[in-house]
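So you can see what is in the structure, the chains are spelled out below.
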Amino acid sequence: MPTSDLQAAQCIFCAIVRGDAPATFLHRDELVVAFMDIRPVQPGHLLVVPRAHATLIHELDAGGLARLWSVATDLNRALRASSLPVEAVSVYVADGDAAGQEVAHVHIHLIPRRDDDGFGFRFPAGYGTLPGRAALETIADRIRPASPSPDTPERSGR
Ligand SMILES: [Zn+2]
């Protein structure tokens, strides 16, 4: 069995997509499904998931990426229009183990937020110290060679 098929066979989200594991669905189409997180951070916490097994965002094709974001945006709107107490929505992807990804199948978290709801990021020591432009440029120079995106100053406003 190819590695990706083996991963899919052992993946809880693939089992949900196949109908072999239960979920409370909010959306199902040919590319993307969405269902309630079984261990919600806040009531209404839901997950938007591509049907195809992929661990990381960059493994998805352009069509899958576009649909994933489109469905996430529709459900973001739905959360805000719902009767739940939603003042804002955190849209979050843990893209890899070190980022806190717990299920190795791409998923966008939509987490309803309220002021003082107790949820947030934990920042490292030293956060808040501004590195300065030269340091930002040095760091950017390590990313740019790997980036296929154009850097056109007349459009970026730099
Ligand atoms: Zn999977």
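Refer to the structure above for everything that follows.
Everything quoted here is computed from the prediction, not taken from an experiment. (Residues numbered from 1 in each chain as written. Predicted model: local features only at pLDDT ≥ 70, side-chain atom pairs only at ≥ 80, totals over all residues. Heavy atoms only, no water.)

What about unusual backbone geometry?
Reasoning step 1: Despite not being glycine, aspartate 116 has its phi angle at roughly 60°, a positive value.
Reasoning step 2: Note that aspartate 116 resides in the loop between strand 5 (108-113) and helix 4 (133-143).
Reasoning step 3: On the basis of relative accessible area, aspartate 116 is assigned to the exposed category, the value being 80%. (Helix = DSSP H or I, 4+ residues; strand = E, 2+ residues; numbered from the N terminus. Buried < 20%, exposed > 50% of the residue type's maximum accessible area, 1.4 Å probe, protein only.)

As for the sheet that holds strand 1 (residues 25-28)
Reasoning step 1: Taken in spatial order, the 5 strands of this open sheet run 1-2-3-5-4, and their pairing is antiparallel. Among the strands making up the open sheet, the edge pair consists of strand 1 and strand 4 (88-92). Averaged over all pairs of adjacent strands, the angle between strand axes in this sheet comes to 15°, irrespective of strand direction.
Reasoning step 2: Relative to strand 5, strand 3 (residues 46-50) runs antiparallel, the two sharing 3 bridges. Note on strand 5: the bridge partner recorded for valine 48 is isoleucine 108. (Pairing = 2+ DSSP bridges. Axes fitted to C-alpha atoms, helices over the stretch in contact; angles between N-to-C directions.)

Read these as spatial facts, not as claims about activity.
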